[in-house]
Amino acid sequence: MTHKTIHPESWLPAKGYANGMLTRDGVLHIGGQIGWDGDQRFVADDFVGQMRQALANIVAIVETAGGQVQDITRLTWFVTDKRAYIARQAEVGRAYRDVMGKHFPAMSMVVVAGLIEDAALVEIEATAHITPAETG
């Protein structure tokens, strides 16, 4: 195996990219996830709802690769509206803990002018380290 594409079975195919790439040494690189579901439909039109879904997508990819939330070591957030994030930080924290529990990997947040999907308010990419025993 060189690298293995990771894609939850119930999801529509990715549009010209891989949702996750698992290396033979267990590093899982997860491409930017936005607030849409496996059918590529946005579940919310607000920041917190989209953030929750993006994180849930990341967890689904990690679990598809045989890992768990605690295997996530890095998150990079791209947000289109810094004020929306700051104004709703308490809700952001609750939604984060609902999906990720009390697991807090290294994180960065970058404010961007826009994302490829016009309706997207946040995109989150991740790295996880899955032990070989977990990958089978």
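See above for the structure.
One structure accompanies this document, and this report is about it. (Residues numbered from 1 in each chain as written. Predicted model: local features only at pLDDT ≥ 70, side-chain atom pairs only at ≥ 80, totals over all residues. Heavy atoms only, no water.)

### What to know about the overall build of the chain
Here comes step 1: Across its full length, the chain carries four helices and six strands.
Here comes step 2: Relative to its length of 136 residues, the chain is compact, with a C-alpha radius of gyration of 14 Å against a globular reference of 14 Å.
Here comes step 3: Considering only C-alpha atoms, the chain reaches an extent of 45 × 30 × 25 Å along its principal axes.
Here comes step 4: The buried share of the chain, taken over its 136 residues, is 41%.
Here comes step 5: Counting only carbon and sulfur atoms, one obtains 51% of the accessible surface of the chain, whose full area is about 7,300 Å².
Here comes step 6: Taking the 12 positively charged and 16 negatively charged side chains of the chain as two groups, their mean positions are separated by 5 Å. (Helix = DSSP H or I, 4+ residues; strand = E, 2+ residues; numbered from the N terminus. Rg over C-alpha atoms; globule rule 2.2 N^0.38 Å. Buried < 20%, exposed > 50% of the residue type's maximum accessible area, 1.4 Å probe, protein only. Areas by Shrake-Rupley, 256 points an atom, 1.4 Å probe, with all protein chains shown as cover. Lys, Arg positive; Asp, Glu negative; His and termini not counted. Charge placed at Lys NZ, Arg CZ, Asp CG, Glu CD.)

### Brief notes about the environment of Met100
Here comes step 1: Among the structural elements, Met100 can be located in helix H3 (residues 89–100).
Here comes step 2: A relative accessible area of 3% places Met100 in the buried class.
Here comes step 3: Along the chain, Met100 and Ala56 lie 44 residues apart, while their C-alpha atoms are 8.3 Å from each other.
Here comes step 4: Ignoring sequence-local partners within four residues, the contact set of Met100 consists of Leu55, Val59, Val69, Ile72 and Leu75. (Contact = heavy atoms within 4.5 Å.)

### With respect to helix H1 (residues 47–64)
Here comes step 1: Counted at 1.5 Å a residue, the expected span for H1 with its 18 residues is 26 Å, and the 26 Å between its end C-alpha atoms agrees.
Here comes step 2: Counting buried positions along H1 gives 13 out of 18 residues, so the element sits mostly inside the fold.
Here comes step 3: N-capping of H1 is provided by Asp46, with a side-chain oxygen placed 3.4 Å from the backbone N of Val48.
Here comes step 4: Phi turns positive one or two residues past the end of H1, at Gly66, with a value near 95°. (Expected span 1.5 Å × (residues − 1). Polar contact = N/O pair within 3.5 Å; in protein donor to acceptor, adjacent residues only side chain to side chain.)

### Some words on the packing of aromatic side chains
Here comes step 1: The tally for this structure, following the rule as stated, stands at three aromatic pairs.
Here comes step 2: Measuring from ring centre to ring centre gives 6.0 Å for Phe47 and Tyr85, while their planes differ by 75°; the resulting arrangement is edge-to-face. Of this pair, Phe47 sits in helix H1 while Tyr85 sits in helix H2 (residues 82–87), and the two are 38 residues apart along the sequence. (Phe/Tyr/Trp six-rings, centres within 6.5 Å; stacked < 30°, edge-to-face > 60°.)

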